[in-house]
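The primary structure of each chain is shown beneath.
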Amino acid sequence: MKKLKNSELNRISIEDFKNSSKTPIKVLLDNIRSAHNVGSIFRSCDAFLIDEIILCGITAKPPNKEIRKTALGSTDSVKWSYFENIQDAILKLRKEKYQIISVEQADKSTDLKNFKIQSKKKYAVIFGNEINGVNQKVIDISDDVVEHFERRDHHLTHLPLIKRLKVSHNCVAEVCQHNFRNFRCLHLRDLYTWRFNDI
């Protein structure tokens, strides 16, 4: 058995990737402090054929050398846009008939395992600041809030919000996107290299 070189993987071109059918999900990143986390989520969205990333607030935007370190070229393949105020982005998405889903710990949140995807609906998934999470004003205008209940009482891996803990923000994004993709991923030869950030 021989390890294949990148040139032997027959990956599709960036242009073909952009023109391919996408998962009807918009990923919103609101006030993300770490450009490395932003780059990692770009790679995850590339892998799961996410339609678009919407960057909001203080979240770093390409071109950015820190994003480039973890994105590894995915900023060229994944569509992205920027809004200074996430509420303006949400208003636009509502007009386009998207369901607004915040990833956060809340008193009436839905366990990720029990969140039911409706095939004819489009979804916008919001990830908040690594320390403060999703703003309450954003939660107030969300259609649902989901979280990973299995990790809620685990002190060292408190998800989906970091707060006092050093858990990689994009790990949460991977869990949610994996769920939305119905555990179906592109063939590896069609992907740009991606992986979890180290926690």
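Here, the structure is the one placed above.
Residues numbered from 1 in each chain as written. Predicted model: local features only at pLDDT ≥ 70, side-chain atom pairs only at ≥ 80, totals over all residues. Heavy atoms only, no water.

Student: I would appreciate a short explanation of the pairing of strand E4 (residues 98–103) in the present structure.
Tutor: Looking down a regular strand, the side chains alternate between one sheet face and the other. Burial runs high along E4: five of the six residues are buried. Of the strand pairs in this sheet, E4 and strand E6 (residues 122–127) are connected by five bridges, and their pairing is parallel. Across the sheet, Ser102 pairs through a bridge with Ile126, a residue of E6. Relative to strand E7 (residues 144–147), E4 runs parallel, the two sharing three bridges. Within E7, the residue paired with Ile101 across the bridge is Asp144. (Buried < 20%, exposed > 50% of the residue type's maximum accessible area, 1.4 Å probe, protein only. Helix = DSSP H or I, 4+ residues; strand = E, 2+ residues; numbered from the N terminus. Pairing = 2+ DSSP bridges.)

Student: Mind showing me how you'd approach the packing of aromatic side chains here?
Tutor: Describing an aromatic ring pair means giving the distance of the ring centres and the angle of the ring planes. Tallying each qualifying case throughout the model produces zero aromatic pairs. The ring centre of Phe17 lies 5.1 Å from the NZ or CZ of Lys22, which sits over that ring. For Lys61, the ring lying beneath its charged end belongs to Tyr82, and the centroid distance is 4.4 Å. (Phe/Tyr/Trp six-rings, centres within 6.5 Å; stacked < 30°, edge-to-face > 60°. Lys NZ or Arg CZ within 6 Å of the ring centre and 35° of its normal.)

Student: Can you walk me through helix H5 (residues 86–95) in this structure?
Tutor: Along an α-helix, a turn takes 3.6 residues, which lines up residues three or four apart on a common side. If you check which residues of H5 are buried, you get Ile86, Ala89, Ile90 and Leu93. Axial view of H5: buried residues confined to an arc of 100°, hence all on one face. Its buried side turned inward, H5 meets strand E1 (23–30), strand E2 (50–56), strand E3 (80–83), E4, E6 and helix H6 (136–140). Capping the start of H5, Asn85 holds a side-chain oxygen 2.8 Å from the backbone nitrogen of Gln87, two or three residues further along. One or two steps after H5, the chain reaches Lys97, where phi turns positive at roughly 70°. (Arc of directions from axis to C-beta. Contact = heavy atoms within 4.5 Å. Polar contact = N/O pair within 3.5 Å; in protein donor to acceptor, adjacent residues only side chain to side chain.)

Student: Would you mind showing me how to read the side chain of Lys26 here?
Tutor: Following the sequence through the fold, Lys26 ends up in strand E1. Lys26 gets classed as buried once you look at its relative accessible area, which sits at 6%. Of the polar contacts made by the side chain of Lys26, one reaches the side chain of Asp51; its length is 2.7 Å. The residues contacting Lys26, other than those within four sequence positions of it, are Asp51, Glu52, Ile54, Lys79, Leu93, Tyr98, Tyr123, Ala124 and Val125.

Student: Is there a simple way to think about the sheet that holds E4 in this case?
Tutor: Neighbouring strands of a sheet are bound in pairs by backbone hydrogen bonds; such pairs are parallel or else antiparallel. The seven strands are arranged E3-E2-E1-E6-E4-E7-E5 in an open sheet whose pairing can be described as parallel. Two strands lie at the open edges of the sheet, namely E3 and strand E5 (110–111), each paired on one side alone. Here five bridges tie E1 to E6, and the two strands are oriented parallel to one another. Bridge pairing links Leu29 to Phe127 in E6. Packing of helix H2 (residues 35–47) onto the sheet brings it into contact with E1, E2 and E3, and relative to E2 it is tilted by some 165°. In this fold H5 packs onto E1, E2, E3, E4 and E6, with an angle of close to 165° to the strand it touches most, E1. (Axes fitted to C-alpha atoms, helices over the stretch in contact; angles between N-to-C directions.)

Student: Is there a simple way to explain unusual backbone geometry in this structure?
Tutor: Note on backbone geometry: most residues besides glycine have negative phi, and most peptide bonds are trans. The peptide bond linking Pro62 to Pro63 adopts the cis configuration, its omega dihedral lying at -5°. With respect to the element layout, Pro63 can be found in the loop between E2 and helix H3 (65–71). A positive phi angle, near 55°, is found at Asn31, a position not held by glycine. Of the residues examined, Asn31 reaches a relative accessible area of 27% and is grouped as partly exposed.

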